Amino acid sequence: MQLKAISHFLVIILFLSSLIPPVFAADPPGFNPVKGYEFLASKNDRGKYENILATSLAAVAFKDAGATAHANQALAWLKSQGDDTKQCWPKGSCKIKDTAFALWALNEFGENTDAGEEWLKAALIPALKNNWYLEVITTNKGTCKISYPGDNGREEETIEVDAGTFPQCTAAPTNTFFDLNRCLKKKDLVATRSSVDFDINCADLGPSSIISIIYNNQNSYSLVQQATTDRYQIVINNGCFSDNPSDQTCSKDASLFTNWILSQLAANANVDIWLKTVYDPLKPLDNALFALAAKDNKQTFINNLIKAQRNDGSFNNDVYETAFAMLALKKAGSTKELNAATDWLKTKQQSDGSWGSLQNTALVLYVAFTNIPINLPPPGGVGLEPRCGDDICSGDETFQTCPEDCETSTSLCNENNICEADEGEDSDTCSADCYCGDQICDEYERATNACTTDCGSRQQAELCGNDVVEGTEECDGADDSACPGLCTLSCACEPEEPKGGIGKWIIFLIVFLLLAGAVFFYIRGRAKGGRKETAKTTQEFRPFTSQLGKTQQQPRWNMPSTGSSLKSKIEDDLDKSLEEAKKLLKKL
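When you go through the chain residue by residue, the secondary structure sums to 18 helices and 10 strands. Counting all 588 residues of the chain, 43% fall into the buried class. Partitioning the contacts of the chain with sequence separation of at least 6, the portion at a separation of at least 24 is 57%. Here the chain has roughly 31800 Å² of accessible surface; of this, 51% comes from carbon and sulfur atoms.

What follows concerns the environment of Phe198. Inspection of the secondary structure assignment puts Phe198 in strand 6 (residues 195-201). Looking at Phe198, the relative accessible area reads 3%, which means it is buried. The residues contacting Phe198, other than those within four sequence positions of it, are Ile146, Ser147, Tyr148, Arg154, Leu180, Leu184, Leu189, Val190, Tyr232, Gln233, Ile234 and Ile236.

This part covers the layout of surface pockets. In this structure, the second largest pocket encloses a volume near 810 Å³. Lining the second largest pocket are 30 residues; nearest its centre among them are Val224, Asn270, Asp272, Ile273 and Lys276. At the level of secondary structure, the elements contributing two or more residues to the lining of the second largest pocket comprise strand 7 (210-217), strand 8 (220-228), strand 9 (231-237), helix 7 (252-264), helix 8 (272-278), helix 9 (284-293) and helix 10 (298-308). For the lining of the second largest pocket, the leading source of residues is strand 8, giving 5 residues.

Turning our eyes to something else, we now look at the state of the cysteines. Taken as a whole, this structure holds 5 disulfides when the rule is applied. The disulfide partner of Cys88 is Cys94, and the S-S distance across this bridge is 2.0 Å. Sign of the S-S torsion, about 65 degrees for the bond between Cys88 and Cys94, identifies this disulfide as right-handed. Accessibility assignment for this pair places Cys88 and Cys94 in one class, buried.

Moving on, we come to the pattern of salt bridges. In total, this model carries 9 salt bridges according to the counting rule given. In this structure, Lys79 and Glu111 form a salt bridge, with 3.0 Å as the shortest nitrogen-oxygen distance. Here Glu111 lies in the loop between helix 5 (96-108) and helix 6 (114-122) and Lys79 lies in helix 4 (residues 68-80), a separation of 32 residues in the sequence. For Lys79, a relative accessible area of 39% gives the class partly exposed. Glu111 gets classed as partly exposed once you look at its relative accessible area, which sits at 28%.

Below, the discussion takes up the sheet that holds strand 6. Sheet architecture is open: 4 strands sit in the order 4-3-6-9, paired in antiparallel fashion. Sheet topology places strand 4 (153-162) and strand 9 at the edges, where each strand pairs with a single neighbour. In this sheet, adjacent strand axes meet at a mean angle of 20 degrees when their direction is disregarded.

As a further point, take the sheet that holds strand 8. Read from one edge to the other, the open sheet built from 4 strands follows the order 5-2-7-8, with strand pairing classed as antiparallel. This sheet does not close on itself; its edge strands, each paired only once, are strand 5 (178-179) and strand 8. Taken together, the 2 bridges between strand 2 (residues 131-137) and strand 5 define a ladder with antiparallel strand orientation. Following the sheet pairing, Tyr133 is matched in strand 5 by Asp179.

Tallied over the full model, the rule gives 21 aromatic pairs. For the pair Tyr133 and Phe177, a centre-to-centre distance of 4.9 Å together with 20 degrees between the ring planes defines the contact as stacked. Taken as a pair, Tyr133 in strand 2 and Phe177 in the loop between strand 4 and strand 5 lie far apart in primary sequence, 44 residues in all. Taken as a pair, Tyr133 and Phe177 share a single burial class, namely buried.

Let us now look at helix 13 (residues 358-368). Burial runs high along helix 13: 11 of the 11 residues are buried. Among the residues making up helix 13, those that are buried are Leu358, Gln359, Asn360, Thr361, Ala362, Leu363, Val364, Leu365, Tyr366, Val367 and Ala368.

When pLDDT is averaged along the chain, the result is 80; 71% of the residues meet or exceed 70. No element of the chain has a lower mean pLDDT than helix 16 (residues 457-461), which averages 45, and none a higher one than helix 5, which averages 97. Considering only residues more than four positions removed or in separate chains, one finds that residues 18-24, a stretch of pLDDT under 50, has 4 contacts. Residue range residues 497-504 is modelled with pLDDT below 50. Its contacts to residues more than four positions away, or to other chains, number 3 contacts.

What counts, and where the lines are drawn
- Residues numbered from 1 in each chain as written.
- Predicted model: local features only at pLDDT ≥ 70, side-chain atom pairs only at ≥ 80, totals over all residues.
- Heavy atoms only, no water.
- Helix = DSSP H or I, 4+ residues; strand = E, 2+ residues; numbered from the N terminus.
- Buried < 20%, exposed > 50% of the residue type's maximum accessible area, 1.4 Å probe, protein only.
- Contact = heavy atoms within 4.5 Å.
- Areas by Shrake-Rupley, 256 points an atom, 1.4 Å probe, with all protein chains shown as cover.
- 1 Å grid on protein atoms, 1.4 Å probe; cavity = no way out; pocket = protein on both sides within 12 Å on 5 of 7 lines; lining within 4 Å.
- Points joined across faces, edges and corners; volume = space filled by probe spheres on them.
- Disulfide = S-S within 2.5 Å.
- Salt bridge = Lys/Arg side-chain N within 4 Å of Asp/Glu carboxyl O.
- Pairing = 2+ DSSP bridges.
- Axes fitted to C-alpha atoms, helices over the stretch in contact; angles between N-to-C directions.
- Phe/Tyr/Trp six-rings, centres within 6.5 Å; stacked < 30°, edge-to-face > 60°.
- pLDDT = per-residue confidence, 0-100.

Structure follows, in structure tokens:
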């Protein structure tokens, strides 16, 4: 009975222990990512979410969460804001960072971004205007040929090399450096261009030459590129991005974000060299964006990022920086740090569902909470009047009245003046055939409550957003008596946080104390009542070797008399305690 009771006790303790992690890992009170998406959707202005950056983030967040209608509407607004000629954003006052984020969003939707990438490359400005040197390590004497882009096509020069020195060039501080800005016929070639490609041919020196490109700023020398070869084709990316194309001042913020996005687009342009001169290893955002863009040495930036994480899981106690740090941690597969940052973000959700700003909310949802089921009402909102030029074909707009919104290039639309709803046509995808008043309640009209003439009074009788509970609605805006303060945008009551969390802990403690007390008295009782009996049956231990050649006696076990009970009172109490524990556990 003793072994059976103890085994019961251990099984229950293990079971209770398995309950502890979920209790500690529970989401903080009030956290609900669905409210975040509802907040985001409530800020929709016909696809616009405040600005280019926020709309780009919102479009991708909705897309990854499966809210296709909201995502496509945001994408349509983004497209409408681009300059059709230059392919930059926003039209009329193109900015570097806005264009980069718009291209990133378009790329996430599978759109072609080649023209926009070319605009960004053309917007690069020369960054490092100090000393750029060529070094050729060799013990031989001969010549190298250098080809570079000139004013009238490519130009080529021949320079002498003598055991690693350059006798013809005296501009550099040492004769082992060839100054690429002063020693070539084309002066300031690197200093005045954001990108220069060189073809360096040192075959005349024989094999085993080492060709290097070095950047010098005061007493600092940086090895930019190096190769052990007698011919080296190299591109020096000496560019940076400003905030505006008309400005010739490098911007760290614009350069960091655009550099990351260009890497996402697999564009053959970067501003790594200049960024490394302003890189701060103590700043989380620097490390995160470098890690996201890096092709080599990514782990260095990830390690610095992990070191910068605070004990609470955040980065600089800032939602924006923490979210971008999480993007980098995801790419690196740093699960522990990622989970800590996610838990911190959960605590920062505000009562309206947001994370402070609209941009932060879209970013957090995209980074951390896209794998949740959401059910949002159709985009556009209730009561919004259609406006020609908003890229949404709605209301009374048709291809004839507003062709810019109602173009019917989709294959679903067979323009024959018949609304073939069973073939997929509706007022949104085929406004030339389907419109309010055609006596057909198409899918778009049904989903958006856009036309009571076609869809009947049933649509009007249940209108989410008019502050009146109707039909199957649980609540509606201000009419939220069923769940005060918990009415969602879909006119359903938000599930309340489960109550009784503290009660579970009380039950857990009672069960634990009950079991612990029972085991304590059980052991104590056995110690008192069985000490003499144990002494009678204990035999002197003798090594096995000392018993060889002797007849071994079987140990005698003291069996209880036939008249005694098979269970002691203490054992009975323990069994009762176990039964009570099982009943309590069923209530958890």
